[in-house]
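# A look at the structure
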Amino acid sequence: MEPPEGGGVRKKPKGAAAAPPPPAVASTGDDILGDIFLRLPDTATLARAALACKRWRRVASDPALLRRFHSLHGPPPLLGFIMSEPPPRAFAVRGPDRRFVLAPSRGNPHHRAAAAAADFDLEDFVAMNPRSGSVIDEWLLRGYDGGRLLLSYGFIEYEQLAVYDPIARTTYLVCRPDIMEFDFEFVKIHYALLADEADASFRIVGAQFWNGRVRAAVFSSRTDDWAPLPFLRAPEPWRMLDGMRAGRFAYWQSNTRLQCWCEDVERSLVLDTTTMEWTLIQVPFPKKESYCVADMAEHGGLCLVASKEQVVQIWARDDNGGWVIKKQVSLLKQFGLLKKLRQDEWMKRVRILAVKDGYVYMEFWSIRKPHSYLLVLHLETLNLRVIANHTTEKYRGPAFPFFMTWAPPLLSPADQEELLLQGD
């Protein structure tokens with residue numbers, strides 16, 4: 001809301017209810033009201049419209065309407081990036097620091113307000129979910145998807161999981177998989193979060209490599225229970241990182257980038273989340289190159305997006321099951337600004353963070369400087385956004401693009417309580 005003339009801010013009287021919708025709109029049916037909502041320009045505007053009353057919020061939160069809304073208006077907009085220090089080593093005394101980098105929005109005043117109000121530093125979450133008795137007395141960030149964070153506390157059989165919405169400040173606590181049934185007692189589990197952007201449901205896949213096999217289980221918030229998945233044989237030695245979402249796939253990379261003692265092979269464990277079938281792939285480039293798995297229908301589905309000497313490469317399967325480069329984009333040749341940054345600030349490394357809805361999210365960084373630049377590249381139009389990450393600390397651990405979703409809408413706890421007090 002824009003402030004009135006004179007710079008003051010109108011304050012709503014304490015205890016006053018929101019003004020009801022105009023009678024003509026209030027008399028419309030839910031179907032017509034839903035059609036009106038579908039004509040709104042973006043997710044933020046839809047979120048603000050839902051603040052009018054409980055009925056508007058109910059209609060605007062319908063999963064079928066949200067899926068149609070996203071199909072008409074495109075995916076939820078980028079709110080920013082969550083950066084993290086590298087994960088702690090065994091017997092560390094603290095967890096890694098985190099940093100949120102805002103993605104400047106053009107023409108949408110609600111984005112900055114949503115980012116400023118969000119609990120990205122997890123202060124409210126920790127206050128509401130205190131724990132004690134762990135070597136690291138902190139919640140660790142393990143993954144992200146659909147506007148929610150996957151957090152864990154504790155080790156081995158004492159591990160506790162939480163799915164947290166930093167905007168709505170809602171928490172869903174999840175127990176570790178049954179250690180007797182799935183044999184997860186003594187080996188670390190690596191998780192991936194799979195959230196539905198159109199409602200509040202989610203799944204967590206826990207995978208564990210042990211004795212030449214990958215064992216796994218999946219938790220569903222719809223059933224509030226874990227279910228076993230088929231195991232997969234995998235060669236040794238192999239060390240997994242935490243999982244990531246890539247369209248209909250979830251994937252776990254082998255932990256070879258900083259491990260000089262690992263074999264000279266880079267692998268990814270891929271789960272098709274529609275069929276729950278596993279695939280173990282060996283990437284077609286040397287280990288320690290930055291890459292991610294992607295779901296790209298135009299290239300046959302399962303793809304790899306890698307970075308080699310500031311060149312973005314898209315790898316897809318060929319007819320014989322091998323890998324072939326489908327597209328390459330030289331960042332320094334295509335974009336003069338990046339070439340200048342490389343020369344002036346010695347920005348040299350390109351880290352692939354994620355691929356979503358035709359965009360590649362990357363970090364342009366240097367081993368000599370702590371700050372970096374976050375890049376958003378559209379693969380078809382080759383439009384590029386460059387977002388400065390001004391920091392004096394190095395954040396080279398997990399990094400996630402964070403999107404402004406509506407499931408539920410952007411309501412603060414005070415807004416939610418106010419709506420509960422209102423009538424329909």
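As recorded by an unreviewed UniProt entry, the protein carries the name F-box domain-containing protein and is attributed to Urochloa decumbens.

Attention now moves to the UniProt feature "domain: F-box" (unreviewed entry) in the protein. The sites that carry the UniProt feature "domain: F-box" (unreviewed entry) are, in the present numbering, residues 30–69. The annotated region residues 30–69 carries 75% helix and 0% strand content, and the separation between its end C-alpha atoms amounts to 15 Å.

Attention shifts here to the sheet that holds strand E17 (residues 311–317). Consider a sheet: its strands pair through backbone hydrogen bonds, and that pairing is either parallel or antiparallel. Strand order in the open sheet formed by four strands is E15-E16-E17-E18, with antiparallel pairing between adjacent strands. Every interior strand has two partners, whereas the edge strands, strand E15 (290–296) and strand E18 (323–330), have only one. Between one strand axis and the next, the sheet turns through 25° on average, direction left out of account. Direction of pairing for E17 relative to E18: antiparallel, over a ladder of seven bridges. Its bridge partner being in E18, valine 312 is matched across the sheet by valine 329.

Below, the discussion takes up the side chain of serine 221. Secondary-structure assignment places serine 221 in the loop between strand E9 (213–220) and strand E10 (225–233). For serine 221, a relative accessible area of 16% translates into the label buried. Here the side chain of serine 221 touches phenylalanine 202 through a polar contact of 2.9 Å, landing on its backbone nitrogen. In contact with serine 221, not counting residues within four places along its chain, are Tyr172, Ala200, Ser201 and Phe202.

Here we take up the layout of surface pockets. For the second largest pocket, the calculated volume is near 860 Å³. As for the second largest pocket, its lining consists of 33 residues, and the residues nearest its centre are Asp145, Glu197, Arg245, Gly247 and Lys356. At the level of elements, helix H5 (63–73), strand E3 (140–145), strand E7 (190–195), strand E8 (202–210), strand E11 (244–246), E15, strand E19 (349–356) and strand E23 (399–403) are the ones that each hand at least two residues to the lining of the second largest pocket. When the residues that make up the lining of the second largest pocket are grouped by side-chain class, the tally is 16 nonpolar, five polar and 12 charged.

Here we take up the sheet that holds strand E6 (residues 170–175). Here we have four strands laid out as an open sheet, ordered E3-E4-E5-E6, and antiparallel in their pairing. Strands with a single pairing partner mark the edges of an open sheet, and in this sheet they are E3 and E6. On average, adjacent strands in this sheet sit at an angle of 25° to one another, irrespective of strand direction.

Right, let's talk about unusual backbone geometry for a bit. For asparagine 211, which is not a glycine, the phi torsion comes out positive at approximately 55°. Overall, asparagine 211 belongs to the exposed group, its relative accessible area being 61%.

With that settled, consider the confidence of the model for the protein. For the protein, per-residue confidence averages 83 on the pLDDT scale, and residues scoring 70 or more make up 80% of the total. Under a pLDDT of 50 for its full length, residues 409–413 has, in the predicted model, 17 contacts with residues more than four places off or in other chains.

Here arginine 55 is to be found in helix H4 (residues 54–60). Judged by relative accessible area, which is 12%, arginine 55 ranks as buried. Among the polar contacts listed, one links the side chain of arginine 55 to the backbone oxygen of glycine 29, at a separation of 3.5 Å.

Here we come to the packing of aromatic side chains. Each aromatic ring pair is characterised by the separation of its centres together with the angle its planes make. On inspection of all chains with the given rule, the structure shows 18 aromatic pairs. Plain terms: the ring middles of tyrosine 172 and phenylalanine 202 are 5.0 Å apart, the flat faces sit at 90° to each other, and that makes the pair edge-to-face. Taken together, the residues span a long stretch of sequence, with tyrosine 172 in strand E6 and phenylalanine 202 in strand E8 at a distance of 30 residues. Note on tyrosine 172: relative accessible area 26%, which makes it partly exposed. Clustering of aromatic rings is evident, with ring pairs tying together Phe100, Phe120, Tyr144, Phe400 and Phe402. If you follow lysine 356 out to its NZ or CZ, it ends over the ring of phenylalanine 403, 5.4 Å from the centre.

Criteria and thresholds
Residues numbered from 1 in each chain as written. Predicted model: local features only at pLDDT ≥ 70, side-chain atom pairs only at ≥ 80, totals over all residues. Heavy atoms only, no water. UniProt positions renumbered as here; feature names shortened; annotations may be inferred. Helix = DSSP H or I, 4+ residues; strand = E, 2+ residues; numbered from the N terminus. Pairing = 2+ DSSP bridges. Axes fitted to C-alpha atoms, helices over the stretch in contact; angles between N-to-C directions. Buried < 20%, exposed > 50% of the residue type's maximum accessible area, 1.4 Å probe, protein only. Polar contact = N/O pair within 3.5 Å; in protein donor to acceptor, adjacent residues only side chain to side chain. Contact = heavy atoms within 4.5 Å. 1 Å grid on protein atoms, 1.4 Å probe; cavity = no way out; pocket = protein on both sides within 12 Å on 5 of 7 lines; lining within 4 Å. Points joined across faces, edges and corners; volume = space filled by probe spheres on them. Nonpolar A, V, L, I, M, F, W, Y, C, P; charged D, E, K, R; others polar. pLDDT = per-residue confidence, 0-100. Phe/Tyr/Trp six-rings, centres within 6.5 Å; stacked < 30°, edge-to-face > 60°. Lys NZ or Arg CZ within 6 Å of the ring centre and 35° of its normal.

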